[in-house]
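Spelled out from the first residue to the last, the chains are:
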Amino acid sequence: MNSAGYSLSRRLRAVGVLAGAALLSAIWLLWLLGSPPTGGPAPPHTLIILIWHWPFSDRPPELPSNTCISFGVAHCHLSTNHSLLASADAVVFHHRELQTQQARLPLAKRPRGQPWVWVSMESPSHTHGLGRLGGIFNWVLSYRRDSDIFVPYGQLEPHQGPAPPLPAKKRVAAWVVSNFQERQRRVQVYRQLAPHLQVDVFGRANRQPLCANCLLPTVAQYLFYLSFENSQHQDYITEKFWRNALAAGTVPVVLGPPRATYEAFAPADAFVHVDDFSTAQELASFLANMNESHYRRYFAWRDRLRVRLFGDWRERFCAICTHYPHLPRGQVYQDLQGWFQA
Ligand SMILES: *[C@@H]1O[C@H](CO)[C@@H](O)[C@H](O)[C@H]1NC(C)=O
Ligand SMILES: *[C@@H]1O[C@H](CO)[C@@H](O)[C@H](O)[C@H]1NC(C)=O
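The present account deals with the structure reproduced in this document. From a predicted model like this one, the values you see are computed outputs, not experimental measurements.

**Details of the pattern of salt bridges**
Evaluated as defined, the whole model comprises 13 salt bridges. The salt bridge involving Asp146 is made with Arg144; its shortest N-O contact spans 2.9 Å. A residue is classified by how much of its surface remains accessible, and Asp146, at 37% relative accessible area, is partly exposed. Residue Glu315 is joined to Arg308 by a salt bridge in which the shortest nitrogen-to-oxygen separation is 2.6 Å. Arg308 sits in the partly exposed class, given a relative accessible area of 30%.

Put into structure tokens, the structure is as follows:
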């Protein structure tokens, strides 16, 4: 194209742009005139999240209308009232009660297109009966990062101001365990560690139960806490790490998913990973011989971060509303078992 032709086409394009702008202004004016006198967008619709069976309980907590507001989530109403099945924006099914058949899926009464959410915070090793749940659920709420509604057991969030003082240390290593079985990897590691390291064992397994309010102050007196998960699975990092160790002010010695997973959640120098050592004896000697300055480095994160726990089921369910606008529509977990047990 020659230069005259080029400038002509540019002029034509400019005219087109002007005409387009004029049209848009006209539409905008019409829209303004046509909108109701009160103006403004319609108030957001309050989502109704129906919890079909409260997790691990036949007695759900009171769920006043401000429940989610108290967790910073607006326009979100949690209810356990089955009469709301026809009108709920999503229905939540916690796996344990489906597994035990304390709860049954209201398949025959399911409104067309109603999103159903499968919920579990347990590991695949403690999850059974998924085979018959294929082709039913649209969304998953779990600790797995690839869940539609990802709810970890805890996270570190930015924090300003001085870190809380470190609890005084009196003993070496603590472990709290209620379900103790020889086939568990954590029990095998403990057996190998115990001859070389002083580990105090609490919990039902050792007939040394700690009352709910005693656990944190007790383990806080230890240099290290064995944050050993009951089974090793993708992203399965529980309150044993977040609460019993990081929040308590002790250094977690972790057994769970690989180090890289922990590093996606917490600084690399905030924990000791069992897999960092080729033998339990090496691990024991590393822990027992650690000097004060090295030890203190494990708490460097506390100057800028703090632990936030997500232990409350109400908060976990309110997160459905936070994600709701962006959740995939029309998705179905055809093979829930294949996905979760992968
Ligand atoms: C459950 O919801 C229905 C319909 O909104 C209502 O009539 C009923 O009183 C509710 N039941 C309870 C126990 O709140
Ligand atoms: C403490 O241990 C670290 C790591 O093993 C070492 O680099 C450092 O020199 C030690 N500091 C003292 C004062 O012994």
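Text resumes after the structure shown.
**Topic: the nonpolar core**
The biggest cluster of nonpolar side chains holds 63 residues, and the ones touching the most others in it are Ile49 and Phe317. Here this core takes 6 residues from helix α9 (residues 313-323), the largest share from any one element. What Phe317 contacts, discounting residues up to four positions off in sequence, is Ile51, Trp54, Pro55, Leu78, Val92, Val119 and Leu141. Residues Trp175, Leu193, Val274 and Ala284 belong to the second largest nonpolar core, which totals 27 residues.

**Focus on the site of ligand 1**
Around ligand 1 sit Asn81, Ser83 and Leu84, and those are all the residues in its vicinity. The separation between an oxygen atom of ligand 1 and a polar side-chain atom of Asn81 is 2.2 Å. With the chains in place, 24% of the 360 Å² that ligand 1 exposes on its own is no longer accessible.

**Concerning the sheet that holds strand β10 (residues 222-228)**
Pairing between the strands of a sheet is mediated by backbone hydrogen bonds and can be parallel or antiparallel. Taken in spatial order, the 5 strands line up as β9-β8-β10-β11-β12 in an open sheet, and their pairing is parallel. At either margin of the open sheet sits one strand with a lone partner, and together these are β9 (199-202) and β12 (272-273). In this structure, strand β11 (residues 251-255) lies alongside β12, joined through 2 bridges in parallel fashion. Within the sheet, the bridge partner assigned to Val254 lies in β12 and is His273.

Rules and cut-offs
- Residues numbered from 1 in each chain as written.
- Chains lettered and ligands numbered in written order.
- Predicted model: local features only at pLDDT ≥ 70, side-chain atom pairs only at ≥ 80, totals over all residues.
- Heavy atoms only, no water.
- Salt bridge = Lys/Arg side-chain N within 4 Å of Asp/Glu carboxyl O.
- Buried < 20%, exposed > 50% of the residue type's maximum accessible area, 1.4 Å probe, protein only.
- Core = buried A, V, L, I, M, F, W, Y, C linked by side-chain atoms within 4.5 Å.
- Helix = DSSP H or I, 4+ residues; strand = E, 2+ residues; numbered from the N terminus.
- Contact = heavy atoms within 4.5 Å.
- Near = heavy atom within 4 Å.
- Polar contact = N/O pair within 3.5 Å; in protein donor to acceptor, adjacent residues only side chain to side chain.
- Areas by Shrake-Rupley, 256 points an atom, 1.4 Å probe, with all protein chains shown as cover.
- Pairing = 2+ DSSP bridges.

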